Amino acid sequence: MKRFVSVALSWCRHSLVLRVVEFALFFGLIFLSVRTNYQHPEWNFDLVGYAAVVTSMSTDDPGEIQRRTYKAIREGVPRNNYNKLAGSSPYRKALAKRPETLMTQLRLYRNKPMYLAAVSIMHKLGVNLARATFYVSLLAYVLLAIIIRWWLARKVPGPWASAFCVCLMLSHPIFLAARMAAPDMLAALVIVPAMLCMLERKWMWGLGLLVLSITVRPDAVLLVGLVCGGFFLWPPDGLRRRTIAGFGFAALAAYVAIHQLTEPYPYRVFLKHSLTTRLYEPSRMTEAITWSEYVEGLRKSVFVHGYTLYPSPLWLFAMLAGVAMYVAKRLRDTTTMILVAACCGYVALHILLFPVRNDRYFTAHYIVVALAALSVMATLLSSKKPTVTEVASEV
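Side note on the overall build of the protein chain
Assigned secondary structure in the protein chain consists of 20 helices and two strands. The C-alpha atoms of the protein chain give a radius of gyration of 24 Å, which matches the 21 Å a tight globule of 395 residues would have. If you line up the protein chain on its principal axes, its C-alpha atoms span 85 × 45 × 45 Å. Buried residues in the protein chain amount to 48% of all 395 residues. Considering only contacts in the protein chain between residues 6 or more positions apart, those separated by 24 or more positions represent 71%. Looking at the protein chain as shown, the accessible area adds up to about 20500 Å², and 65% of this sits on carbon and sulfur atoms.

Side note on the packing of aromatic side chains
On inspection of all chains with the given rule, the structure shows 14 aromatic pairs. Through a chain of ring-to-ring contacts, three or more aromatic side chains come together here, namely F317, Y346, F354, Y361, F362 and Y366. Lying across the ring of F232, R241 places its NZ or CZ 5.5 Å from the centre.

Digging into the packing of helix α7 (residues 113-124) against helix α8 (residues 129-152)
Viewed as axis vectors pointing N to C, α7 and α8 meet at an angle of 115°, and their least axial separation amounts to 9 Å. α8 is crossed by α7, and the crossing has right-handed handedness. Here α7 contributes Y115, A118, V119, M122 and H123 to the contact with α8, which in turn contributes L129, A132, T133, Y135, V136 and L139. In terms of residue class, the contact of α7 with α8 is built from nine nonpolar, two polar and no charged.

Examining the packing of helix α3 (residues 62-76) against helix α4 (residues 79-87)
One way to put it is that α3 packs onto α4 with a least axis distance of 8 Å and a crossing angle of 155°. Viewed along their axes, α3 and α4 adopt a mutual orientation that is roughly antiparallel. Residue-level contacts link Y70, I73 and R74 of α3 to Y82, L85 and A86 of α4. Residue composition of the contact of α3 with α4, by class: five nonpolar, no polar and one charged.

The rules we used
Throughout this description, residue numbers start from 1 for each chain and increase along the sequence as written. pLDDT decides what is reported in this predicted model: residues at 70 or higher carry local features, side-chain atom pairs at 80 or more are listed and counted, and totals for whole chains, interfaces and linings draw on all residues regardless. Working from all heavy atoms in the structure, the side-chain values ignore hydrogens and water. Helix numbers and strand numbers start at the N terminus; a helix is a DSSP run of H or I with at least 4 residues, a strand a run of E with at least 2. Computation of the radius of gyration draws on C-alpha atoms alone. For the globule rule, the value is 2.2 Å times the number of residues to the power 0.38. For every residue, the accessible area obtained with a 1.4 Å probe (protein chains only) is divided by the maximum for its type, and the residue is called buried under 20%, exposed over 50%, and partly exposed between those limits. Should any heavy atoms of two residues lie within 4.5 Å, those residues are considered in contact. All accessible-area figures derive from a Shrake-Rupley calculation using a 1.4 Å probe, and residue coverage is judged against the displayed protein chains alone. Classification of ring pairs rests on two measures: the distance between centres of Phe, Tyr or Trp rings, Trp counted by its six-membered ring, which must be within 6.5 Å, and the angle between planes, read as stacked under 30 degrees, edge-to-face over 60 and tilted in between. Cation placement over rings: the criterion is NZ of Lys or CZ of Arg within 6 Å of the ring centroid and within 35° of the ring normal. To get an axis, fit a line to the C-alpha atoms, keeping to the stretch in contact for a helix; angles then go from 0 to 180 degrees between the N-to-C directions. For a crossing to be left-handed, the near helix must be turned anticlockwise from the far one by less than a right angle; the clockwise case is right-handed. Any residue outside Ala, Val, Leu, Ile, Met, Phe, Trp, Tyr, Cys, Pro, Asp, Glu, Lys and Arg is labelled polar, Gly included; the first ten of those are nonpolar and the last four are charged. Reported orientations rely on four angle classes, namely roughly parallel under 35 degrees, roughly antiparallel over 145, roughly perpendicular from 65 to 115, and oblique for the rest.

Below is the structure:
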């Protein structure tokens, strides 16, 4: 008996040491990635627009908004990057010098209330406004890594969960989104847990978070529509069609409310501004985008150097989605099939409606498909393991 107890205690100590080492490596690698992003942020141009919108929350004077915005950028951004943000093109020079031109751009950025609120709160806590625009992404990155690691530990052994989580968070599109002044990583912090809740059949939490994601990125209404549509056609156990329809209408109401309150420019203005030329005064745009311009933008979002496929994580995403769909079909896991198909449908619709090549738009969807593929593969492999009864019968 004493020998048994000593062996048990030794195993427990050994197991505890392994877990401590595992967690140390996991948090160490995540810390190193955060440190790298902190020291080398992307300083993308969108931070000017978001900083100006947050500044406009406290004053209506165009000159004051322009002065405070560029003062914060000048103080928070390295000099070389500031020169690029304020003077690398006639369009950027105009925004830095003419307050009225900067004011016309605010409607391009103010339709993301949750992201802007997070930036504003961080700024009120004493963080430089320009840096707050990407600190939100950095914080969301850390929180998302912890959530994914916790969820993966329910599917695979701890060391494998940590290894897969680190590889996923260090992959290029996710790592890049964490260092940008953009709402994409914050959107992933809402969308990914929403999808994980639905994979665990916690419908109310999942659908509620998914509707909430519209306040981070309004185009998430496409994803909500696809998910609700799939569940309405093939309702899973424990989820009634009436409930699904209710969340669908809530998503539509949230989208309409954001549109009415923030008054963004029409879709054609966003498309023209992003695909062809930067608009100094978007409200006065009269020429609509032509079909040839749209087709050229669509070609550039998929191909590079003529018609060579663009080397994007999108193709790996498509392969993982195919694996997840195939295995989920074998397991008769309708929920996983619907969620993966919804992510694929969102990516396809987004490329068709807004053909601008940028993988950060699909950060959440890449993560969801990767996790869904791992989940169904783990379920398939565990179902093939022989039970004790089967082994005994063979003996």
